[in-house]
Amino acid sequence: MKISLGVIMDPIGSINTKKDSTFAMLLEAQARGWDICYMEQGDLYLQDDRVSARMRMLELADNPQHWFHFTGERTAPLDTLNVILMRKDPPFDMEYIYCTYLLEKAEARGVLVVNSPASLRDCNEKLFTSWFPHCCPPTLVARGHERILSFVEQQGDVIIKPLGGMGGASIFRVRSNDPNINVIIETLTQGGQQFTMAQRYLPEIKLGDKRVLLIDGKPIPFVLARIPKPGETRGNLAVGGRGVGQEISERDRWIASQVGPELKKRGILFAGLDVIGDFLTEVNVTSPTCIRELDAQFGINISAQLLDRIKEKLRP
């Protein structure tokens, strides 16, 4: 069976191939002889009840200077594809949500969409942790200034972050005596008009913010501990964190066992859990990363495991 794979992503010319997990997936698909159709969000359109897109045929090379070229172009219904990888990075805005509605129409016509469009909408990467409170540090989601201020005073040391960001953007660490606490709350809540998340600060961040990758609910046996650079409280690689591979711990496996079955049930085939110390802090479902780093450090091929699972799920 010749498999045609569509990918929706940010402009491929802007990626860092050394770190880009989507690039790793596409290299593996190409190695298997799958046809790859590249799309950006703006290429999709709905006419009557059928979703189509401008698709560019993609060839890749694992070369940081010249990593891709297009070999052709066509416009066709999405349901002419076997599988679509939805790998558009946040922000998780209304355009992203509209895109999931379009993908849901294609899914209804038999296309396998990874991850499930409805679950991309429902499983906010910050809020979805509330389904597993026994795995998480004390957490508050609110937009009321006094409520957030009270939480900070109770916990003493808190991380405050937006619900729709990525890569460590707009994450603040605040203490109850911080002279900037009011303006930080005002900024993140847009003056009380926007929900934000506060979590108790976990000093174990110094040992790394671990990324635990799950394929169809099962964890990869290695994790990437993203260790903050000196003077920084964020471990995200995008803000200078250092990625150190480790074998998965028993606690990490236990957290994965709590979250994995729900992800599987919701059609989230590829996810990344963020774990600091013993606590789950985020469930990444939009475009989880760290494949390239773990592959390089342990000589594994995570994309191959993912594509094997995708192939199993495709209809004969």
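Residues numbered from 1 in each chain as written. Predicted model: local features only at pLDDT ≥ 70, side-chain atom pairs only at ≥ 80, totals over all residues. Heavy atoms only, no water.

(A) Focus on the overall build of the protein chain. Assigned secondary structure in the protein chain consists of eight helices and 17 strands. In summary, the protein chain has a C-alpha radius of gyration of 20 Å against a globular reference of 20 Å for 316 residues, a match within 12%. Principal axes of the C-alpha set define a box for the protein chain whose edges measure 60 × 45 × 40 Å. A burial count over the protein chain gives 53% of its 316 residues as buried. A separation of at least 24 residues holds for 67% of the contacts in the protein chain among residues at least 6 apart in sequence. About 14200 Å² of surface is accessible on the protein chain, with carbon and sulfur atoms providing 49% of the total. (Helix = DSSP H or I, 4+ residues; strand = E, 2+ residues; numbered from the N terminus. Rg over C-alpha atoms; globule rule 2.2 N^0.38 Å. Buried < 20%, exposed > 50% of the residue type's maximum accessible area, 1.4 Å probe, protein only. Contact = heavy atoms within 4.5 Å. Areas by Shrake-Rupley, 256 points an atom, 1.4 Å probe, with all protein chains shown as cover.)

(B) Here's a closer look at helix 2 (residues 94–108). For helix 2, with 15 residues, the first-to-last C-alpha span of 21 Å sits near the 21 Å given by 1.5 Å per residue. Considered for burial, the residues of helix 2 that qualify are Tyr96, Ile97, Cys99, Thr100, Leu102, Leu103 and Ala106. Here the buried face of helix 2 lies against strand 1 (4–8), strand 3 (44–47), strand 4 (50–60), strand 6 (83–86), strand 7 (112–114) and helix 3 (117–122). Downstream of helix 2 by one or two residues, glycine 110 has phi in the positive range, about 105°. (Expected span 1.5 Å × (residues − 1).)

(C) Spotlight on the nonpolar core. Counting residues in each nonpolar core, the largest one holds 41 residues, and the members touching the most others are Leu44, Met55, Leu78, Leu103, Leu263, Leu273 and Leu280. When contributions to this core are tallied by element, the ones reaching two or more residues are strand 2 (35–39), strand 4, strand 6, helix 2, strand 12 (209–215), helix 6 (250–265), strand 16 (270–276) and strand 17 (279–284). Per-element tally for this core: the top contributor is helix 2, with five residues. Other than its neighbours up to four places away in sequence, leucine 78 contacts Met39, Leu44, Val51, Ser52, Ala53, Met55, Ile84, Leu103, Ala106 and Val111. Judged by nonpolar contacts, the second largest core, of 38 residues, contains Val7, Phe270, Cys290 and Ile310. (Core = buried A, V, L, I, M, F, W, Y, C linked by side-chain atoms within 4.5 Å.)

(D) Inspection of the sheet that holds strand 9 (residues 157–162) at higher detail. Reading across from one edge, 8-11-9-10 is the order of the four strands in this open sheet, with antiparallel pairing throughout. Only two strands of the sheet have a single neighbouring strand rather than two, namely strand 8 (139–142) and strand 10 (172–175). Direction aside, neighbouring strands of the sheet carry axes that sit 25° apart on average. Bridge count for strand 9 against strand 10 is four bridges, and the pairing is antiparallel. The partner of isoleucine 159 across the bridge, within strand 10, is arginine 173. (Pairing = 2+ DSSP bridges. Axes fitted to C-alpha atoms, helices over the stretch in contact; angles between N-to-C directions.)

(E) Structural view of helix 5 (residues 181–188). Those residues of helix 5 that fall on the buried side of the exposure criterion are Ile181, Ile184, Ile185 and Leu188. One side of helix 5 holds all its buried residues, which, seen down the axis, span an arc of 95°. As for helix 5, its buried residues are in contact with helix 4 (145–155), strand 9, strand 10 and strand 11 (196–200). Glutamine 190, located one to two residues past helix 5, shows a positive phi value of around 50°. (Arc of directions from axis to C-beta.)

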